[in-house]
Amino acid sequence: MPHISNGADAILACKAGIRSIDDLKRGGLKVAYAAGTPSEHLLKVIMTDFDIAPWRDKKDTSWRIETKNSSEAARKCVKGEVDVAVMWEPDIQKTLRGNPDAF
């Protein structure tokens, strides 16, 4: 039986020390997301609504880690390759369980 999503996109902290949106403002973070999906749109909304300056700098895109899909962003999160990841269900729950083999 295929997995059925029961939620929307979410931004998850993959490393310790990121507890709020304000922590995203410090810069130097790597963010994994599936380009061209609602995940990218969520990043743009958060970047604008919460004035996350490091993400708004058009010259520095080093923070952007584009992935093919949510599962790839989740794998990078669980393996500690990024600081933050944007994903959707069921990858959110799998990531929260910390199981990189589930993707």
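Residues numbered from 1 in each chain as written. Predicted model: local features only at pLDDT ≥ 70, side-chain atom pairs only at ≥ 80, totals over all residues. Heavy atoms only, no water.

Undergrad: Run through helix H1 (residues 38-49), naming residues and quoting values.
TA: Taking 1.5 Å of rise per residue, the 12 residues of H1 would be expected to cover 16 Å, and the 16 Å separating its terminal C-alpha atoms lies within 8% of that figure. All of the buried residues in H1 are Ser39, Glu40, Leu43, Ile46 and Met47. The buried residues of H1 all sit within an arc of 125° when viewed along its axis, so they share a single face. Across from the buried face of H1, at angles greater than 90 degrees, the exposed residues are Pro38, His41 and Asp49. For H1, the elements touching its buried residues are strand S1 (10-13), strand S2 (31-34), helix H2 (53-56), strand S3 (64-67) and strand S4 (84-87). Aspartate 51 lies just past H1 and shows a positive phi near 50°. (Helix = DSSP H or I, 4+ residues; strand = E, 2+ residues; numbered from the N terminus. Expected span 1.5 Å × (residues − 1). Buried < 20%, exposed > 50% of the residue type's maximum accessible area, 1.4 Å probe, protein only. Arc of directions from axis to C-beta. Contact = heavy atoms within 4.5 Å.)

Undergrad: Give a detailed account of the sheet that holds S4, specifying residues and quantitative values.
TA: The 4 strands are arranged S1-S4-S2-S3 in an open sheet whose pairing can be described as mixed. Two strands bound the open sheet, and with one partner strand each, they are S1 and S3. Neighbour-to-neighbour, the strand axes of this sheet turn through a mean angle of 25°, independent of strand direction. Looking at chain direction, S2 and S4 are connected through 2 bridges and run parallel. If you follow alanine 32 over to S4, its bridge partner there is alanine 85. In this fold H1 packs onto S1, S2, S3 and S4, with an angle of close to 130° to the strand it touches most, S2. (Pairing = 2+ DSSP bridges. Axes fitted to C-alpha atoms, helices over the stretch in contact; angles between N-to-C directions.)

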